[in-house]
Amino acid sequence: MGRHRQNGTDGHLVGIIELADKILRLVDEAEQKGADDQCSVVLGIARDCSYRLKASAEEELAEHARWDAWQPVSIGSGNLKGNRS
């Protein structure tokens, strides 16, 4: 993450956050059904990657906000283009 202005990627970052949340819900559902050992490994990897993707995307959006380059959009709104002035 460098000192830069956003380049129109805010909506994509929001989409990554939404996708990570969806993966986390799928992992929760699979674990509730009692996954076997091999599935548990895959589910653990999916959970870890989702948390990392979500944290990275949120950090980058925060960086954009610090540089007055991003106006908040409602996550889950389906507006993947963001609200820019």
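The sections below set out a description of the structure shown in this document. (Residues numbered from 1 in each chain as written. Predicted model: local features only at pLDDT ≥ 70, side-chain atom pairs only at ≥ 80, totals over all residues. Heavy atoms only, no water.)

### Some thoughts on helix 2 (residues 37–66)
1) Next: The end-to-end C-alpha separation of helix 2 is 43 Å, in line with the 44 Å expected for 30 residues at 1.5 Å each.
2) Next: The elements touched by buried residues of helix 2 are helix 1 (10–32).
3) Next: Two or three places before Q38, at the opening of helix 2, D36 has a side-chain oxygen 3.1 Å from that residue's backbone nitrogen. (Helix = DSSP H or I, 4+ residues; strand = E, 2+ residues; numbered from the N terminus. Expected span 1.5 Å × (residues − 1). Contact = heavy atoms within 4.5 Å. Polar contact = N/O pair within 3.5 Å; in protein donor to acceptor, adjacent residues only side chain to side chain.)

### Here's the deal with the environment of V27
1) Next: Positionally, V27 belongs in helix 1.
2) Next: For the pair V27 and S40, spaced 13 residues apart in the sequence, the C-alpha separation amounts to 9.2 Å.
3) Next: Excluding residues within four positions of it along the chain, V27 makes contact with L43, A46 and R47.

These figures come from the coordinates and say nothing about function on their own.
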